[in-house]
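So the chains spell out like this:
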Amino acid sequence: MLLVASLLLKGLAIPLLARIAWLDFTTQKISNQNVLLLLCLGLGSLQLLSVQSGSWWDMGLSAVASLLLFVALFPFWALRKVGGGDVKLMAVVPLLIGGSGLLVFSVLLLVFALATALIVKNPFMLPAGAFRLYVQHLDRKGVVPFGVPISLAAICTIAFQVYSNLTVLGGLSV
């Protein structure tokens, strides 16, 4: 029962992550309220899993990863290479996906971040239209909305976790 509640909390994070990605793409802002809500969902989910398993290892690993990401990215924010919202979002994601999802998240983040940077830096690759004009505008401003690949990687990681846990529970046949 605790696993299902944990998966439900993670599932609630998916529309919030989609909202964060959209707002970051359109306004280049990630609000503290959205990040705080993700933090609450993540900590609640991790706590439920820790109580169920009787081990706090996953929560501890997530906390260490979160702290390391914040400390590693803070100087980039100070140098104005990334936004503060991106730093906070990256620090919260390990607490949302858990330590067991960090490898999947890292690989997906690498793929999505490279694709985002490639598209923003080469908007001519996109078909003509309003979307292409907006991406060209981002390129002229020198802005890359990193909240988009962070959110996409987190959504895909959560979807993978939910699917694999439901498969283990026998909820889906493979």
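For the structure, see preceding data.
Report follows, based on the coordinates.

### Some remarks on the packing of helix α1 (residues 2-27) against helix α4 (residues 84-97)
Following both chains from N to C, one finds α1 and α4 inclined at 165°, their axes separated by 13 Å at the closest point. In terms of orientation, α1 and α4 fall into the roughly antiparallel class. Relative to α4, the crossing made by α1 is left-handed. Residues K10, A13, L17, I20 and D24 of α1 touch α4, and the partners they reach there are D86, L89, L96 and I97. By residue class, the composition of the contact of α1 with α4 is six nonpolar, no polar and three charged.

### A word on the environment of K88
Secondary-structure assignment places K88 in helix α4. Using a relative accessible area of 29% as the deciding quantity, one classes K88 as partly exposed. For the pair K88 and L36, spaced 52 residues apart in sequence, the C-alpha separation works out to 9.2 Å. Residues contacting K88, with those up to four places away along its chain left out, are N32 and V35.

### Concerning the side chain of T157
Topologically, T157 is positioned in helix α7 (residues 147-169). With relative accessibility at 1%, the residue T157 sits in the buried group. The residues contacting T157, other than those within four sequence positions of it, are I97, G101, V104, F105 and L108.

### Focus: the environment of I30
With respect to the helices, strands and loops of the structure, I30 is situated in the loop between α1 and α2 (32-53). For the pair I30 and P149, spaced 119 residues apart in the sequence, the C-alpha separation amounts to 13 Å.

Rules used throughout
- Residues numbered from 1 in each chain as written.
- Predicted model: local features only at pLDDT ≥ 70, side-chain atom pairs only at ≥ 80, totals over all residues.
- Heavy atoms only, no water.
- Axes fitted to C-alpha atoms, helices over the stretch in contact; angles between N-to-C directions.
- Helix = DSSP H or I, 4+ residues; strand = E, 2+ residues; numbered from the N terminus.
- Parallel < 35°, antiparallel > 145°, perpendicular 65-115°, else oblique.
- Left-handed = near helix turned anticlockwise from the far one by under 90°.
- Contact = heavy atoms within 4.5 Å.
- Nonpolar A, V, L, I, M, F, W, Y, C, P; charged D, E, K, R; others polar.
- Buried < 20%, exposed > 50% of the residue type's maximum accessible area, 1.4 Å probe, protein only.

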